[in-house]
Amino acid sequence: MAISLKPVDVAVIGLGAAGGIAVLPLAQAGLKIAGIEAGGWMDARTFRPDEIHNNVRGLVTSVPKTKSEVPTVRDSPSAVARRVGNHPMMNAIGGTSIHYWAQSWRLKPWDFRTRSETVKRYGAGAIPAGSTLEDWPLTYDELERYYDQVEYEIGVSGKAGNIQGRIDPAGNIFEGPRQREYPMPPLRATEFTDRMAQAAHELGWHPFRPPAAINTQPYQGRPGCAYHGFCGTGGCHIGAKNSTAITTIPAALKTKNLTIFDRAQVTRIAAGDDGRVTGVNYLREGKEYFQPARVVLLASYTYENSRLLLLSKSKAWPNGLSNNHGQVGKHYFAHWGTQGGGAVVALFPFDINVFYGLPAQGTAVDDFGDDSFDHTGLGFIGGTTLHVHTELHPIEAAAMNTFGRAPGWGARWKAFVRQNAARWTAAYLQTSTFPYETTFLDLDPQVRDPLADPVCRVTTSPRENERRSVEYAQNKMEQWFRAAGAIEVIKAPPTGPALSTHAYGGTRMGDNPETNVADRWGFSHEAPNLGILGASVMGTSGARNPTLTVQALAWRTAEHLVKSWKTIAG
Amino acid sequence: MQPDDQDAPQLSRRTVLASATLVPVAALTAAAQAPSTALSTTERQILDAFVDRLVPADELGPGALACGAANYIDLALADALAGEKATLAEGLAAVDAFARTQHGMPFPQLTPDQKDAVLTEIDEGRATGFTNPRAFFARVRRLTLEGMFSDPYYGGNKNFAGWDLIRYPGPRLAVAPEEQKMSALPKPLHQSAYGSKFNHGH
Ligand SMILES: Cc1cc2nc3c(=O)[nH]c(=O)nc-3n(C[C@H](O)[C@H](O)[C@H](O)COP(=O)(O)OP(=O)(O)OC[C@H]3O[C@@H](n4cnc5c(N)ncnc54)[C@H](O)[C@@H]3O)c2cc1C
């Protein structure tokens, strides 16, 4: 029998990038919160500049939960799904914000209204065949103040390109209007990123230093970035990079309204016969607990969000919690671009020295993002941001492509890497990706986790729209690299990612309960006291990283809960 | 393992992948044993000869063998990569068997040219006696790179010769703007992330 705990107002499942944000407005409003997190606190002293630990073996985590329940993947509904390698999401207080790259872009207004804007500009025939694309139930303008709130709360550095309609070419001129400048200037440029920026200018493009949730100067008691070259999949040893473990979670703890249950794995969300959720069951140090709560917020990342709902069957929910319309797991998609097979790798005839720095330090171009350019005749909608950045670890540097200029081993290879390990880089491309009928999440019928629960299964399918879109962007990227002096450029054939750190959908947000799990505020259409946080509610990806949007939405959902407490908590 | 790791925090080098329950990484580490190796003497000799040809010693500096790449692999197979040991050992035996059919001698005793001929056959997928010669070759190559270019803490990259070869200037806790210049790679810092200089902390 589960040990029953003292009831709380809100139980939050997962204290990562999303859950770790939501607890702050809730705690500030005086609600009593149980934060139930599978991982534990991490100690910055264990964050070392060690490529084997961080990158090769992916050991930066407090417990190996994510690694023991890696989803399976198949590329058609008739295939058998298989496990594909590792998955780098984190289990810790702070979640994946501990070791993410911290690029913190806002979506563009077009991303919220992709369907209607596409139909308006190109006609209904331009909507990709088989896609389940819908407009978001909110606009960029409605989310703007939450973006702003989060940027100032966690500390985002960057240069605004559009303050209330005033365009500044030092920033991203294609971004939506923002109410004010970023709280800190952008990460510094390097000689190489300046060279790339110069080349972009010569091509008539509009390069800028992209935003990051990383301090560039002391901010809220944390220092500026040290540019040491081990930021990607590594925790920040000085706390310059935001993680919710060092920003919003400690602030919420200070109110004494948040209690954290660490190393506690939620196994089911419980519901009464009326369908309302009543709390969560979790395991901690081998014991089973029941945490009663008047409201539950689910924030366990895309794959686990859908899986926990599907696992939480009850009398009221025979097909899984909040799944009476069969929408849980649907409208899943993951970022195409470099996350898939769309690499663009360049070799220069001189040292570029990108060993140090960080993946968020670079120069980016949004001229080909989303709908910033005319797509007439191109055969796809959406677009790609191009980002050239620093940070290259030694094993990765030596494992470089030899561009057909040397064999893969022996004395000639050795001479090649001596000369060229400091002369190459790979661009980071992020392409607008859309939901399709044939791409979804469900429970794997065969593969189980250590608790004998089925793991999440991903079914994907080829997409012509995204393939063309990535190819278009790869050609632009090649042009850019060559303009900066590259002597070789390799473009890998675009494919979709299997598992992704930018995974969207499964509990999409929309006004229509027939096609969406969450309503416009992030609460379940079917189980009204269940809220859902994370990119699992997003219906489009934009051509940029998800987390700032995830966090702005999390803040908004939490604020809505506070304002509508009586209605939601019942 | 390395002279400068005595002040290393007890970070786990064991695989957490195999762990079936929610075990804090710290608990796994507490149980960590002194480093041991996995391969038999014969297997190790074959591996030594293999990595020695992948990255030979020459005027550019020590090769993979002197860098300790085989040592790295052997240690890893007893630890984080224990799950791969059987496959690797089977592949090494196949290298030797294939060398004997081609040249009538064990692989380690062949001339450098003969060894290269054998490795080329494996790399290009023509060698017999392997489950998948290309995949085996690619894996040994990859692990050799890890051994040559990883932190010396893991038993390879001896005297930082791997990092010097590719002109990687070594981990630092803070990097100045000049150290990110294109034209002037910074002076190499020969230190392990587990050396005393890295005992930062709050
Ligand atoms: C290497 C890397 C680089 C990235 N770079 C960027 C970037 O530059 N910009 C960007 O926007 N995004 C980036 N991302 C993606 C970003 O990390 C995610 O978008 C973000 O962390 C998602 O937030 P989340 O709260 O949904 O999930 P997470 O941050 O992963 O948090 C989920 C939390 O839930 C906990 N949890 C899971 N299941 C349970 C359970 N059953 N019970 C209790 N707790 C549970 C987990 O332990 C975890 O702490 C990157 C990701 C990786 C891996």
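Above: the structure in question.
Residues numbered from 1 in each chain as written. Chains lettered and ligands numbered in written order. Predicted model: local features only at pLDDT ≥ 70, side-chain atom pairs only at ≥ 80, totals over all residues. Heavy atoms only, no water.

Asks: Help me understand the sheet that holds strand β5 (residues 82–83) of chain A, please; the structure alone is not making it clear to me.
Replies: Within a sheet, neighbouring strands are paired by backbone hydrogen bonds and run either parallel or antiparallel to one another. Residue and element names in this part refer to chain A. The mixed open sheet is built from four strands, whose spatial order is β5-β4-β20-β19. For this open sheet the edge positions go to β5 and β19 (440–448), each flanked by a neighbour on one side alone. Note: strand β4 (residues 72–74) against β5, two bridges, orientation antiparallel. Of the residues in β5, the one forming a bridge with Val-73 is Arg-82. (Pairing = 2+ DSSP bridges. Helix = DSSP H or I, 4+ residues; strand = E, 2+ residues; numbered from the N terminus.)

Asks: I'm lost on the interface of chain A and chain B in this one. Help?
Replies: Often, the extent of an interface is quoted as the loss of accessible area upon association of its parts. Taken together, the contacts link 63 residues of chain A with 70 residues of chain B. Summing both sides of the interface, chain A and chain B together bury roughly 5,600 Å²; the carbon and sulfur share of this comes to 61%. On the chain A side of the interface with chain B, the three residues burying the most area are A:Tyr356, A:Trp409 and A:Lys414, jointly 16% of the side's total. At the junction of chain A with chain B, the criterion picks out two salt bridges. Residues A:Asp351 and B:Arg167 are paired through a salt bridge, measuring 2.8 Å at the closest nitrogen-oxygen approach. On the surface where chain A and chain B come into contact, there are 28 residue pairs in polar contact (both at pLDDT 80 or more). Broken down by secondary-structure element, the contributors of at least two residues to the side of chain A that touches chain B are α2 (51–56), α3 (65–68), α7 (191–202), α10 (394–398) and α11 (411–420) of chain A. Residue contributions to the side of chain A that touches chain B peak at seven residues, all from α11(A). Of the residues in the side of chain A that touches chain B, the class split is 32 nonpolar, 17 polar and 14 charged. (Contact = heavy atoms within 4.5 Å. Buried area = accessible area lost by both parts, 1.4 Å probe. Salt bridge = Lys/Arg side-chain N within 4 Å of Asp/Glu carboxyl O. Polar contact = N/O pair within 3.5 Å; in protein donor to acceptor, adjacent residues only side chain to side chain. Nonpolar A, V, L, I, M, F, W, Y, C, P; charged D, E, K, R; others polar.)

Asks: Is there a simple way to think about the site of the ligand in this case?
Replies: All names here are of chain A. Neighbouring the ligand are 35 residues, the closest being Glu-37, Lys-65, Thr-96, Gln-103 and Thr-547. Separating an oxygen atom of the ligand from a backbone N or O atom of Ala-18 is a distance of 2.8 Å. Taking Thr-547, its side chain carries an N or O atom lying 2.7 Å from a nitrogen atom of the ligand. Within the complex, 96% of the 990 Å² of free accessible area of the ligand lies under protein. The leading source of residues in the shell around the ligand is strand β9 (residues 264–271), at three residues. A breakdown of the residues in the shell around the ligand according to their chemical character gives 18 nonpolar, 14 polar and three charged. (Near = heavy atom within 4 Å. Areas by Shrake-Rupley, 256 points an atom, 1.4 Å probe, with all protein chains shown as cover.)

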